[in-house]
Every structure is written in structure tokens, then in C-alpha cells.
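Notes for the structure review
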Amino acid sequence: MLPLLTNKRWLKVTAFKPHNNRAWLGVLPVFLIVGFSAVIPLMTVVNYSVQDILDFNSRFFVGFQWYRDTLNDARFVDAFIRQIGFSATVLAVEIPLGIAVAKGISKTSRMTPIVLVLLALPLLIPWNVVGTIWLMFARPDIGLLGVLINAAGFSYNYTADPLHAWLTLVAMDVWHWTSLVALLSFAGLTSIPAPYYQAAELDGARAWQVFRYVELPRLRGVLVIAVLLRLMDSFMIYTEPFVLTGGGPGNSTTFLTQYLATMAVGQFDLGPAAAFSVLYFLFILLFCWLFYTMVMRNDER
Amino acid sequence: MSWMAWTWPTALFFIAIGTALLILTVLELRQPTIARRGLLPLVTTRGDRFFISLLSAGFIHVLWLGTMDSAVVWGTLLSLIVAIILMRWG
């Protein structure tokens, strides 16, 4: 240890050359993998989106035709609005609820690990199984939830009423994913050093003041991750609504993914579906960038 | 050209983006960017402004294709102008 500290040359090097950018070369393999698995497929989608593809040998360049068609397609616009509504609802419920659940978990109890594992359980269930569980659970004739709601005097049938279908979908997503927000928030809460709380107590802060001025600022990092994950996931949700409502009743729960799958896999309209995907990608990119920038900008103040 | 269903317009599009990224890399090595605040209500580096230009170009095209009947070339021209303004003063 001592020779290292007294080694003048070492000190000099670190003092004048704090950054050695050569380490970035180590990232090169990742670039190659991402290029292979993400960038090149994305380029293919862009290639498809400007062509009318009939089979392997006949394809015609059509320019922006598919984009124009998609943007003027009322079904696309409706599905888009529905998708935004769904993401906004899900975020508005899951984030506060997740924080509340995390606040409710004791940090020191012997039961804490058990509670955490129980919380993590819904996250381990595959999407289509979640859909199937809720398909049974919410059925008005035999499902536990559906029968109970109807017995309580409310007429409830998610297969017939658009509003009920929506509520069931939101409930299902909350059931599936609130734990993620709760676990992330809990991790954030446990990383707050005790002196912060002691200082707040000395200042006579009330419970909500502790939450607002001590915990919430320290939770920002994990909440950014939670919101981004939930935003992207709920914006791309496919399997659960597909299993539970299949987009119905009517088109009332047909989200973008559902419509896209019908186009690409059902009708095999590769060109329009590719244009659709590029538009979809652009919007996700915009949302994530906007959100990230807003949060980071507040950080700099 | 038939692999991955390439067409010349898309190939040129990606070559353009690739070249731009290469130029930005060289510029960054020669003359590291300084984060600053311009027209945009946030502190940006050169790369940030390039990304914002690309994203706005995308959405200008979306808006153009969605609302206008005229040729999309004008939208492209508009996004070029926007990009220049953003890169220079953004």
C-alpha cells in the first residue's frame, strides 16, 4: 500500500489523465450484439415499410404510401388513443399504490423476506397465464370475482360492457405489476440512511413531510425506472388483453399491439404493418425521451 | 440489394444517418462538445441536439403525411431547416 501511495509517477498520471477512453473499446462487443439483434432488424422493418411485398420475388417500392394510409386510418387513431388511456390509467394507479405498499413493509421485521417473496409472486406468472387466471376469476357466471360483484348487487359482465372490460384489464395489470413498483420503491426506501430520518425528526417533521422532503427525493431514481418500465410495458401490452377480452367487446379494448398483430400475422400485410411498427417505435421513443429529459432536467437544478 | 429487402431510398437514409454519426464521433474526438443552453428549454450537447433533430424530423414527417396531401419532399425540407436551426442555435 505504502509504495503505491508514495509512487510519484502514479500520482502524476492520475492527476493529469483522469480519463482513459480506451476502456470504451471494451464496449465494442455489445455494439456488435445490439447491431445484430436490434439495429439490423429495425432497419429491415424500415425497408419493408416502403414496399408492397407480395411474395419473395415480387415487391414494389411505394414510398410513404403505407404511412399515409396508417395515419389516416381511423382504427389506428382510435387504438392509439385507447393505448394512451390505458398506459395513463395504469401508471396513475400503480405508482402511488406501489409506493404505498413499499411504505407499509417493515424494514427490520423477520417477516420482511417472506413479504417480499409473496409480493414478487405475481411477477413470476407468465402473461398468458395471468390472462387466463383473470378470464376465469372475472367470469360473471362461475368466476369468484364476477359472481361476488354480481351477488353484491352490481351488474357486472366484462364480456359485454366496454367499461367493465376496461376496469377488468386495469385491475389485472395492477394485480400483475404493482409488485414491481413496490419492490423497486422498497429497495429505494431501504437505501435511505437513518441520519436523514433522525434529522427530520429533530426538525419536527410530520409523517407526510418526511415522505415529501426526505423519501420522495431519494426515491426519484427508482421511480424513474419504475415509470419507464411500466410505461413501455403497458404501451406494448398484448398477451393479457388478447387472452382476456380479445380486443372486445366490439373494438373497445383493441390496443395498438392487437391491431398490429391482426395486420402482420393475421392478414400478412407486411408493408402496412411495418409502417405501423415504425410509427409505434417513434412514439415510444418520444415518450421515453420526454420523460427521461424532464426528470434529468429537474435533477440539474 | 435483395437481402433484407433493401431499396435505394432506405439504404441512402441509413447511410446518411451512419455518416452523420461518424462525423459526430470525429468531431467529438477533435473538439469535445460543451453542454449549453440555447433555444431549447434544456441543456444539450451536440449529440443531444442531433437526436432531437432526428426525432423532430420523424414527427414532422408524421404530421405532414397525416395532414397534408402535398408531396412529402416539402416536409423533408422543413425538417432539414429545423435540424439546422436546432444544431446551430438549439
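Quick caveat, the model's predicted, so the values are computed rather than measured. (Residues numbered from 1 in each chain as written. Chains lettered and ligands numbered in written order. Predicted model: local features only at pLDDT ≥ 70, side-chain atom pairs only at ≥ 80, totals over all residues. Heavy atoms only, no water.)

1. Brief notes about the overall build of chain B
The number of helices and strands found in chain B is three helices and two strands. Ordered by position from the N terminus, the helices and strands of chain B form the series α-β-β-α-α. Dimensions of chain B, computed from C-alpha atoms along their principal axes, come out at roughly 40 × 35 × 15 Å. In chain B, which comprises 90 residues, the proportion classed as buried is 37%. By sequence separation, contacts in chain B at least 24 residues apart represent 41% of the contacts at least 6 residues apart. Working note: accessible area of chain B is about 5800 Å², and carbon and sulfur atoms make up 76% of it. (Helix = DSSP H or I, 4+ residues; strand = E, 2+ residues; numbered from the N terminus. Buried < 20%, exposed > 50% of the residue type's maximum accessible area, 1.4 Å probe, protein only. Contact = heavy atoms within 4.5 Å. Areas by Shrake-Rupley, 256 points an atom, 1.4 Å probe, with all protein chains shown as cover.)

2. A word on the overall build of chain A
Counting its regular elements, chain A contains 14 helices and two strands. Over its C-alpha trace chain A gives a radius of gyration of 25 Å, far above what one expects of a compact globule, namely 19 Å for 301 residues. Overall size of chain A, expressed as C-alpha extent along the three principal axes, is 75 × 60 × 35 Å. Residue burial in chain A is summarised as follows: out of 301 residues, 38% are buried. Once local pairs closer than 6 in sequence are excluded, the contacts in chain A between residues at least 24 apart make up 67%. Summed over all atoms, the accessible surface of chain A reaches about 17900 Å², with 70% contributed by carbon and sulfur. Side-chain charges in chain A split into 20 positive and 17 negative, and the spacing between the mean points of these groups amounts to 18 Å. (Rg over C-alpha atoms; globule rule 2.2 N^0.38 Å. Lys, Arg positive; Asp, Glu negative; His and termini not counted. Charge placed at Lys NZ, Arg CZ, Asp CG, Glu CD.)

3. A look at helix α5 (residues 74–104) of chain A
Side chains of residues three or four places apart in an α-helix project in the same direction, reflecting 3.6 residues per turn. Across its 31 residues, α5(A) extends 45 Å between first and last C-alpha, which sits within 8% of the 45 Å expected from 1.5 Å per residue. Between the side-chain oxygen of the N-cap and the backbone nitrogen of Arg75(A) there are 3.0 Å, and the N-cap of α5(A) in question is Asp73(A). (Expected span 1.5 Å × (residues − 1). Polar contact = N/O pair within 3.5 Å; in protein donor to acceptor, adjacent residues only side chain to side chain.)

4. Some remarks on the packing of aromatic side chains
Tallying each qualifying case throughout the model produces 21 aromatic pairs over all chains. With 5.9 Å between their ring centres and 85° between their planes, Trp6(B) and Phe14(B) make a pair best called edge-to-face. The burial state of Trp6(B) is the same as that of Phe14(B); both residues are buried. Seen from the ring of Tyr213(A), Arg212(A) lies directly overhead, with NZ or CZ sitting 4.9 Å from the centre. (Phe/Tyr/Trp six-rings, centres within 6.5 Å; stacked < 30°, edge-to-face > 60°. Lys NZ or Arg CZ within 6 Å of the ring centre and 35° of its normal.)

5. Considering the interface of chain B and chain A
Much of the literature gives interface size as the accessible area that the parts lose upon coming together. The interface is formed by 25 residues belonging to chain B together with 24 residues belonging to chain A. With both chains or domains summed, chain B and chain A bury close to 2200 Å², and 76% of this area falls on carbon and sulfur atoms. Between chain B and chain A we count zero salt bridges in total. Inspection of the chain B/chain A interface yields four residue pairs in polar contact (both at pLDDT 80 or more). Within the residue set of the side of chain B that touches chain A, elements represented by two or more residues are α1 (8–30) and α2 (46–67) of chain B. It is α2(B) that provides the largest number of residues to the side of chain B that touches chain A, a total of nine residues. Residue composition of the side of chain B that touches chain A, by class: 17 nonpolar, seven polar and one charged. (Buried area = accessible area lost by both parts, 1.4 Å probe. Salt bridge = Lys/Arg side-chain N within 4 Å of Asp/Glu carboxyl O. Nonpolar A, V, L, I, M, F, W, Y, C, P; charged D, E, K, R; others polar.)

6. Considering the environment of Arg139(A)
All names here are of chain A. Position of arginine 139 among the secondary structure elements: in the loop between α7 (127–137) and α8 (144–151). C-alpha of arginine 139 to C-alpha of tyrosine 158: the two residues are 19 residues apart in sequence and 7.6 Å apart in space. Excluding its chain neighbours within four sequence positions, the residues that come into contact with arginine 139 are Gly146, Val147 and Tyr158. A polar atom in the side chain of arginine 139 sits 2.8 Å from the side chain of aspartate 141.

7. Examining the pattern of salt bridges
Residues and elements named next belong to chain A. Scanning all chains against the criterion turns up seven salt bridges over all chains. Between arginine 139 and aspartate 141 there is a salt bridge, and its shortest N-O distance comes to 2.8 Å. When salt bridges with common partners are traced through the structure, they connect Glu94, Asp173, Arg230 and Asp233 into a single cluster.

8. Brief notes about the side chain of His176(A)
Residues and elements named next belong to chain A. Topologically, histidine 176 is positioned in helix α9 (residues 162–190). From its side chain, histidine 176 meets the backbone oxygen of isoleucine 125 in a polar contact 3.4 Å long. Every residue in contact with histidine 176, bar those within four places of it in the chain, is listed here: Pro122, Leu123, Ile125, Trp127, Val130 and Glu240.

9. Looking at the nonpolar core
All names here are of chain A. Counting 58 residues, the largest nonpolar core has Tyr67, Phe76, Ile95, Leu256, Phe276 and Tyr280 as its most contacted members. Broken down by element, the residue count for this core peaks at 13 residues, all from helix α14 (residues 270–300). Dropping the residues within four chain positions of it, phenylalanine 76 is found in contact with Thr70, Leu71, Leu256, Tyr259, Phe276 and Leu279. Trp134, Tyr158, Val174 and Ile237 belong to the second largest nonpolar core, which has 15 residues in total. (Core = buried A, V, L, I, M, F, W, Y, C linked by side-chain atoms within 4.5 Å.)

10. Let's talk about the layout of surface pockets
Residue and element names in this part refer to chain A. What the second largest pocket holds in volume is close to 340 Å³. Residue lining of the second largest pocket: Asn21, Arg22, Trp24, Leu25, Val27, Leu28 and Phe31, and that is the complete set. When its residues are assigned to classes, the lining of the second largest pocket shows five nonpolar, one polar and one charged. (1 Å grid on protein atoms, 1.4 Å probe; cavity = no way out; pocket = protein on both sides within 12 Å on 5 of 7 lines; lining within 4 Å. Points joined across faces, edges and corners; volume = space filled by probe spheres on them.)

11. Structural notes on the confidence of the model for chain A
Of all residues in chain A, 92% have pLDDT values of 70 or greater, and the mean over the chain is 86. Note on residues 1–5 of chain A: pLDDT under 50 across the span, and two contacts to partners over four residues away in sequence or across chains. (pLDDT = per-residue confidence, 0-100.)

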